[in-house]
Amino acid sequence: MKKDGKKKPSKAALEAAKQAALQEARLAELKALRTSYIETAALVLRSPLHPILSHLDKCLSEKEDCTALTLPPNVLANDVLSLLNTFQSYAPLKSIFLVRCAVDERMAVALAKFLSSGVSSELHLEIRDCKLVEKTATPILEAIPHSRVRTLVLDYNATLGASPNVLSCLRKPIGSCAVKCNGKTGLHCGLERLSLKFSDIGPDVATDISIVMKEAPSLREVDLSGNRILSAGFIAVMSTLKHGAAIERLMLAGNGIKEVPVSSVVRNRGQDDAAAIKTAIKELVTAIESHEKITEIDLRHNCFSDQSILDVTAALKSRKAAIAAPGGNYVPPVSVYITERTSNQLYKGVHDINKTMEAVRKKRAAASKKKKKKA
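Described below are features of the structure shown in this document. (Residues numbered from 1 in each chain as written. Predicted model: local features only at pLDDT ≥ 70, side-chain atom pairs only at ≥ 80, totals over all residues. Heavy atoms only, no water.)

### Focus on the packing of aromatic side chains
The cut-off we apply is this: Within 6.5 Å between ring centres, the rings of Phe, Tyr and Trp (the latter by its six-membered ring) count as paired, and their orientation is classed by plane angle as stacked under 30 degrees, edge-to-face over 60, tilted in between. Secondary structure elements follow DSSP: runs of H or I no shorter than four residues count as helices, runs of E no shorter than two count as strands, and numbering proceeds from the N terminus. Charge-over-ring contacts are defined here by two conditions on Lys NZ or Arg CZ: a distance within 6 Å of the ring centre and an angle within 35 degrees of the ring normal.
Per the counting criterion, the structure on display carries three aromatic pairs. On the numbers, 5.3 Å between centres and 10° between planes, the contact of Tyr 156 with Phe 198 is stacked. Of the two residues, Tyr 156 sits in the loop between strand E4 (149-153) and strand E5 (193-195) while Phe 198 sits in the loop between E5 and helix H6 (203-215), which places them 42 residues apart along the sequence. An angle of 50° between the planes, with centres 5.7 Å apart, marks the rings of Phe 234 and Phe 304 as tilted. Residue Phe 234 is found in helix H7 (residues 230-239), and its partner Phe 304 is found in the loop between strand E8 (296-298) and helix H10 (306-324); the two are separated by 70 residues along the sequence. The ring of Tyr 337 has Arg 300 lying over it, and the distance from NZ or CZ to the ring centre is 5.4 Å.

Here it is, written out as structure tokens:
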């Protein structure tokens, strides 16, 4: 017998009702967040930032989570304090962007407290062209090992190059801060991507970065493009590849690495130690031939000898052969981008292998995507 003629809701209807309830809860949380931000700003005697309110209103109208915070250039320390206090427990937040902001010590300390406060979401933190110096960079960098920051972008902070020891804050051993983190060591060394493009980084800072590369088990990408690490920094960074570093992408374009002088002007400025460069190239060749994780190394706009380029080409051919051999599906393709200043023949040799590697990478990515869809 039918009971009151009522029909049991279908699974699709139940799922739709569940999603509608979740959407309503997210919007309610976002409305409460907007109200809380206005109130918190008033407590520190500041008006809420118009760009932030506009972004929150847009998220509400489009019924989407607020996943990113972009702070305007005229932001002050109290603005940052009110924002971070408001968003501290907001799980959907994934990215924080500070671009051309005048970051002072109070602002840096506020950001550091936010990062180390146990934020549940993994974060992308970008502080570009903010004139960071040692006093403002240190609190932020000291908080990174205790945070869930996965991507750290500090591009165009040219003043960082004048503080050779500032990046050592990322190297604090787990044991020394176990008390600070209540014994929770799982949040340590979670950084996956570090970018310091055009930050006037010299050999000393590059050496610190190389140690970070060795000690951070999840660091997969380092971008030092447009700096001046020279031969000393180059060999320090290359040496990390033989120590089992997790690095997959290493970007060193335009770093003044000169194995061969290109003009008398360059010679007068001081040519890099050719022997050190050759040692670094050997490390690179070894990494290409045996490193299981490395997939891309960018060396454009640096000067290398023909012999070094031939050595790299031979290593790439060896990797290419390993990929083509039985079981080669487990060997990752690797691309090495070299200076365009070399001879056409040498450049073409590397370029052609890179194209093959890129094709293999795309083919595997497409196959992986297709497999996930089927699953």
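### Things to note about H10
The line we're drawing: One less than the number of residues in a helix, times 1.5 Å, gives the span that helix is expected to have. Here the term buried applies to any residue with accessible area under 20% of the maximum for its type, exposed to any over 50%, and partly exposed to those in between, with areas from a 1.4 Å probe on protein chains only. Here, the arc refers to the directions that run from the helix axis to the C-beta atoms. It only takes one pair of heavy atoms within 4.5 Å for two residues to be counted as in contact.
The first and last C-alpha atoms of H10 sit 27 Å apart over 19 residues, in line with the 27 Å expected at 1.5 Å per residue. Within H10 the residues assigned to the buried category are Ser 308, Ile 309, Val 312, Thr 313, Ala 315, Leu 316, Arg 319 and Ile 323. The buried side chains of H10 occupy one side of the element, clustering within an arc of 165° when seen end-on. Pointing more than 90 degrees away from the buried face of H10 are the exposed residues Lys 317 and Ala 324. Where H10 is buried, its residues contact helix H9 (274-290), strand E9 (335-337) and helix H11 (344-374).

### What about the sheet that holds strand E1 (residues 68-71)?
The cut-off we apply is this: Should DSSP find at least two bridges between two strands, the strands are regarded as paired. Axis definition: a line fitted to C-alpha atoms, limited for helices to the stretch in contact. Angles are taken between N-to-C directions and run from 0 to 180 degrees.
Ordered by their spatial adjacency, nine strands build an open sheet running E1-E2-E3-E4-E5-E6-E7-E8-E9, and the pairing between neighbours is parallel. Of all the strands in the sheet, the pair left with one neighbour each is E1 and E9. Each neighbouring strand pair of the sheet contributes to a mean axis angle of 5°, computed without reference to strand direction. Looking at chain direction, E1 and strand E2 (residues 95-99) are connected through four bridges and run parallel. Across the sheet, residue Leu 71 finds its bridge partner in E2, namely Leu 98. Packing against the sheet, helix H4 (residues 105-115) makes contact with E2, strand E3 (123-128) and E4, and its axis sits at approximately 165° to E3.

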